[in-house]
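# Working through the structure, step by step
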Amino acid sequence: MIITDSKPYIGRFAPSPTGRLHIGSLLTAVASFLDARFHQGTWLVRMEDLDPPREMAGAADDILRTLEAFSLMWDGEVMYQSRRDEVYQAALEQLQQQDVIYPCFCSRKDIAAAEPVMGVDGWVYPRRCEDASLRKVKVDKQAAWRVRVPDAVFGFDDAIVGHYEQNLAQQVGDFVLKRADGWWAYQLAVVMDDAEQGMTHVVRGQDLLVSTPRQLYLQQLLGLPQPHYAHLPLLTNAEGEKWSKQTLAPALNQQNKEVLMNQVLDILGLPKRPESQMSCEQLLQWATLYWDMSQVRPEARVVV
Ligand code: GLU
């Protein structure tokens, strides 16, 4: 494992353009921004537009304009995952040469029929296609590509959550890197891009904590450095559901920018503001001076 301590800080905000920004995404954007600025580091924005069927037309631009409206100014060019097919293809070929991936023709129905156990993020794939002699190749169907995971524990120390680990074979199973519909899976793209952009620190929502051991495993296979991780508390509605497109999270109301920014700074454990009438830009400048990741509590919060 390579830890990237001596390098200058590089962090990022990596939204998926499936909808407009909401309070949960603002929390991630602000926390990753403040952590980067506090460390005099670079803060990048990467558009994770990997899944056109789930995307919303115009959302990518809307997200960038919203970040600007909140004075969350990023460094350098925005990276678009949709333009990086060749990089992901090369990674897949490298893994193929290492003989750790295999094509899978199973439909959800095939998997369900094998009575799989439930893991931390859906079913643990019962490895039907792992054995080439048992694989039922379907000529009319493209294969998904899965990576074979070891019966081993992958863990790390999260700056907010503390130690977190999973046994990949028992709790996750062989996971998909390229989907049967031809689109790249998040896990492969995120690992390639975090490495290529030189990410030293990843600050993101706790919904992704469950993905991190898979990413550590891919980093190990591909010989990539492992960044530091911090997984922020989830913001939920009154029913305790994470705010997201599915739970109809309201888009950020730009008439109310300062109120929303203050709300997010409170959730992140910042002290009381010195004045009541501060602009977003002033609030972010002030918060950079007082930023302290150890003040961020991991527990989910209800925000209505
Ligand atoms: N694109 C992911 C999301 O919007 C975030 C991925 C990441 O931060 O690693 O939920």
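All values reported here derive from a predicted model rather than from experimental measurement.

## Digging into the side chain of Thr 212
Positionally, Thr 212 belongs in helix H7 (residues 212-222). Of note is the side chain of Thr 212, whose polar atom sits 3.2 Å from the side chain of His 231. Leave out the neighbours within four places in its chain, and Thr 212 touches Phe 156, Arg 204, Tyr 229 and His 231.

## Section: the pairing of strand E9 (residues 162-167)
Direction of pairing for strand E8 (residues 153-158) relative to E9: antiparallel, over a ladder of 6 bridges. Residue pairing in the sheet places Gly 155 in a bridge with Glu 165 of E9. Where E8 folds back on E9, the antiparallel hairpin that results is connected by 3 residues.

## A word on the sheet that holds strand E3 (residues 79-80)
With parallel pairing, 3 strands are arranged side by side in an open sheet as E1-E2-E3. Looking at which strands have only one partner, the edges of the open sheet turn out to be strand E1 (10-13) and E3. Here strand E2 (residues 42-47) pairs with E3 via 2 bridges, running parallel. From the neighbouring strand, Arg 46 faces E3, where its bridge partner is Met 79. Across the face of the sheet, helix H1 (residues 23-38) comes into contact with E1 and E2 while running at roughly 150° to E2.

## Comments concerning the packing of aromatic side chains
Applying the stated criterion across every chain yields a total of 7 aromatic pairs. Here the aromatic rings of Phe 154 and Tyr 217 are separated by 5.4 Å at their centres, their planes lie at 65°, and the arrangement is edge-to-face. Residue Phe 154 is located in strand E8, and its partner Tyr 217 is located in helix H7; the two are separated by 63 residues in the primary sequence. Residue Phe 154 is classed as buried on the basis of its relative accessible area of 9%.

Cut-offs and rules
- Residues numbered from 1 in each chain as written.
- Predicted model: local features only at pLDDT ≥ 70, side-chain atom pairs only at ≥ 80, totals over all residues.
- Heavy atoms only, no water.
- Helix = DSSP H or I, 4+ residues; strand = E, 2+ residues; numbered from the N terminus.
- Polar contact = N/O pair within 3.5 Å; in protein donor to acceptor, adjacent residues only side chain to side chain.
- Contact = heavy atoms within 4.5 Å.
- Pairing = 2+ DSSP bridges.
- Axes fitted to C-alpha atoms, helices over the stretch in contact; angles between N-to-C directions.
- Phe/Tyr/Trp six-rings, centres within 6.5 Å; stacked < 30°, edge-to-face > 60°.
- Buried < 20%, exposed > 50% of the residue type's maximum accessible area, 1.4 Å probe, protein only.

Geometry only, nothing functional implied.
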